[in-house]
Amino acid sequence: MNTYIMGQGLAPGDTIAIVAPSAPLAGEELQKSRIFLETLGYHVVLGKTVTSDWGYLAGRDDMRAADINAAFKDSHIDAVICLRGGYGATRLLDLLDYDSIAAHPKLFIGFSDITALHTALHERCHMATIHGPMALTLGRKTATQYTLRQFAAGLIQPVRQGPSLLPPRTAQQ
């Protein structure tokens, strides 16, 4: 049986890094995401490429990989959340420092094309990661209160005990 490592749950005052493995995002949604995370009591740091532009990507491949590597290596960062998905994430697989990442496990959160990174961290670092909302999702007007509450709870207790609460039914369902 394989054993997998997951980063620790967070507490107020912990630091979350937002990294951009794929496309960049500047503006209102990023600001709203940052404010949401800070309202929960966390410090937020942005990877250097989060607001960069290199074609349709948030900087060159080596720069985006360096942001992820730095976030895992930095002992002051407690969790890493991806800004958004996109094709660029797969271009980083050969550029990540898996030994360093494995030595510094943290919560790693994202979905969509970020699944390539989840798979690589699972296979190469024996990390359990979280397939969950990205920073872009948290900053959108369409983010429901249910999503925001569940995300906040998952940061504190990433491995849940017992049943998950489903959102209430709406008239549209």
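Counting restarts for each chain: residues are numbered from 1 in the order of the written sequence. pLDDT decides what is reported in this predicted model: residues at 70 or higher carry local features, side-chain atom pairs at 80 or more are listed and counted, and totals for whole chains, interfaces and linings draw on all residues regardless. Excluded from the side-chain calculations are hydrogens and water; all other atoms, namely the structure's heavy atoms, are used.

A. Quick look at the sheet that holds strand S1 (residues 15-19). Should DSSP find at least two bridges between two strands, the strands are regarded as paired. Numbering of helices and strands runs from the N terminus, with a helix taken as a DSSP run of H or I at least four residues long and a strand as a DSSP run of E at least two residues long. Pairing is parallel in the open sheet, where five strands are placed in the order S2-S1-S3-S4-S5. Strands at the two margins of the open sheet, each flanked by one partner only, are strand S2 (43-46) and strand S5 (130-131). Alignment of strand S3 (residues 79-82) against strand S4 (residues 107-110), held across three bridges, turns out to be parallel. Paired with Val80 across the strands is Phe108, a residue of S4. Lying over the sheet, helix H1 (residues 28-39) contacts S1 and S2, oriented at roughly 150° with respect to S2. Note on definitions: a residue-residue contact is assigned when non-hydrogen atoms from the two residues lie within 4.5 Å. Note on geometry: axes are lines fitted to C-alpha atoms, helical ones only across the stretch in contact, with angles between N-to-C directions running from 0 to 180 degrees.

B. Representation of the pattern of salt bridges in the model. Put simply, a salt bridge is a Lys or Arg side-chain nitrogen that is within 4 Å of an Asp or Glu carboxyl oxygen. Summed over the entire model, instances satisfying the criterion amount to six salt bridges. Here Arg34 makes a salt bridge to Glu38, at a shortest N to O gap of 3.3 Å. With Arg34 and Glu38 both in helix H1, this residue pair falls four residues apart, about one helical turn. We call a residue buried when its accessible area falls under 20% of the maximum for its residue type, exposed when it is over 50%, and partly exposed in between, using a 1.4 Å probe and counting protein chains only. The class of Glu38 is partly exposed, set by a relative accessible area of 39%. A single network of salt bridges, built from pairs that share partners, joins Asp61, Arg64 and Arg91.

C. View of helix H2 (residues 61-73). With 13 residues, H2 should reach 18 Å at 1.5 Å per residue; the first-to-last C-alpha distance of 18 Å fits that figure. Regarding H2, the residues found buried are Asp61, Arg64, Ala65, Asp67, Ile68, Asn69, Ala71 and Phe72. Looking at the packing, one finds that the buried side of H2 touches S1, S3, helix H3 (98-103), S4 and helix H4 (115-125). Multiplying 1.5 Å by the helix residue count minus one yields the expected span of that helix.

D. Structural detail: the packing of aromatic side chains. The criterion for an aromatic pair is that two Phe, Tyr or Trp rings (for Trp, the six-membered ring) have centres within 6.5 Å, with stacked assigned to planes under 30 degrees apart, edge-to-face to planes over 60 apart and tilted to the rest. The full count for this structure, using the stated rule, is two aromatic pairs. Judged by centre distance (6.5 Å) and plane angle (45°), the ring pair of Phe36 and Phe151 falls under tilted. In this pair, Phe36 sits in helix H1 while Phe151 sits in helix H6 (residues 145-156), placing the two residues 115 residues apart along the sequence. Accessibility expressed as a relative area gives 16% for Phe36, which makes it buried. Judged by its relative accessible area of 8%, Phe151 is buried.

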